[in-house]
Amino acid sequence: MTMPSSLHPMPIGLRTQRGLGMIAAIVVLVMMAVLAAAVTRLTWTQQVSSAQDVMGARAFQAANAGTEWGMYQALKGSWMGSNCAGSQTLDLTSSMGFKVTVSCTTQSTAYNEGQDASGTNLTTRLYVIDAVACNGSAASCPDNANSAGMNYVERKRQAIISSADPGF
């Protein structure tokens, strides 16, 4: 008596390989999920660093504007009197998103740089202009309370200028 072929049990080799495809598919799906997470993380990191670069360039330009403003004030003689001492904060948050603290110091020694045509001594004085630009929430820069934040950006510029006047 022969049994129909549909009633015969499967050979042993075929029964053991039945779930292998399912395990392989799960492994491939897990690997694809890990790859997708890595790509997402890399893209996010790249966007954050690009935004930091843009903010750094803006901070540099704000600090540069601060040094130019400080040089103008020092050479014009309108910086808190004629001795060019102290600091002032420029609020550029509406246009650039930064505050700039500009300070001026005068070198204590005046230098004689020859004479003019009438024989009057020309005295040269050196001014040091420091400008610190930051996007913190404090009234002046640097903003030490917010400096550890991820979005905080700060740049510093320094300029040394000389002024030759016969009247020093």
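Cut-offs used in this document
- Residues numbered from 1 in each chain as written.
- Predicted model: local features only at pLDDT ≥ 70, side-chain atom pairs only at ≥ 80, totals over all residues.
- Heavy atoms only, no water.
- Helix = DSSP H or I, 4+ residues; strand = E, 2+ residues; numbered from the N terminus.
- Contact = heavy atoms within 4.5 Å.
- Areas by Shrake-Rupley, 256 points an atom, 1.4 Å probe, with all protein chains shown as cover.
- Pairing = 2+ DSSP bridges.
- Expected span 1.5 Å × (residues − 1).
- Buried < 20%, exposed > 50% of the residue type's maximum accessible area, 1.4 Å probe, protein only.
- Core = buried A, V, L, I, M, F, W, Y, C linked by side-chain atoms within 4.5 Å.
- pLDDT = per-residue confidence, 0-100.
- Disulfide = S-S within 2.5 Å.
- Patch = residues over 30% accessible without salt bridge, like charges linked within 9 Å, V, L, I, M, F, W, Y side chains within 5 Å.
- Salt bridge = Lys/Arg side-chain N within 4 Å of Asp/Glu carboxyl O.

Attention now goes to the overall build of the chain. Looking only at helices and strands, the chain has two helices and five strands in total. Along the chain, from the amino end to the carboxyl end, the secondary structure elements read α-α-β-β-β-β-β. In the chain, 56% of the contacts between residues at least 6 apart in sequence involve partners at least 24 apart. Looking at the chain as shown, the accessible area adds up to about 11,300 Å², and 59% of this sits on carbon and sulfur atoms.

Turning our eyes to something else, we now look at the pairing of strand β2 (residues 98–106). Sheet analysis places strand β1 (residues 86–92) next to β2, joined by seven bridges and oriented antiparallel. In the strand pairing of β2, L92 is matched with F98. Turn length for the β1-β2 hairpin, with the two strands adjacent in sequence and antiparallel, is five residues, and the turn residue G97 shows positive phi of about 85°. Pairing geometry for β2 and strand β4 (residues 121–134), over eight bridges, is antiparallel. Considered in β4, the bridge of T105 is made with V128.

Right, let's talk about helix α2 (residues 20–76) for a bit. Along its 57 residues, α2 runs 84 Å from first to last C-alpha, staying within 8% of the 84 Å computed at 1.5 Å per residue. When we look at burial in α2, the residues that qualify are G56, A59, A62, A63, N64, G66, T67, G70, Q73 and A74. A positive backbone phi angle near 85° is found at G77, which sits one or two residues after α2.

This next bit is on the nonpolar core. The biggest cluster of nonpolar side chains holds 17 residues, and the ones touching the most others in it are A74, V100, V102, C104, Y127 and I129. Secondary structure elements with two or more residues in this core: α2, β2, β4 and β5 (154–165).

What follows is about the confidence of the model for the chain. In this model, the chain carries a mean pLDDT of 82, and residues with pLDDT of at least 70 account for 82%. The least confident element of the chain is helix α1 (residues 12–16), whose mean pLDDT is 55; the most confident is β2, at 91.

Let's shift gears to the state of the cysteines. This structure, assessed with the given rule, holds one disulfide. Residue C134 pairs covalently with C141 via a disulfide, S to S 2.0 Å. Around the S-S axis, the bridge from C134 to C141 shows a dihedral of about -80° and counts as left-handed.

Let us now look at a nonpolar patch on the surface. Side chains of M22, I26, V30 and V34 sit close together on the surface and give an oily, nonpolar patch of about 400 Å² of accessible area. Take V34: its relative accessible area is 55%, and that puts it in the exposed class.

So, on to the pairing of β4. If a strand is regular, its side chains alternate between the two faces of the sheet. Within β4, 11 of the 14 residues are buried, which leaves the element mostly enclosed by the surrounding structure. Bridge analysis of strand β3 (residues 111–115) against β4 gives three bridges, and the strand direction is antiparallel. By the bridge assignment, Q115 is partnered in β4 with N121. Between β3 and β4, which pair antiparallel one after the other, the connecting turn spans five residues, and G119 there sits at a positive phi close to 95°.

Here we take up unusual backbone geometry. The amide bond that connects C141 to the next residue, P142, takes the cis arrangement and shows omega of 0°. Along the chain, P142 turns up in the loop between β4 and β5.

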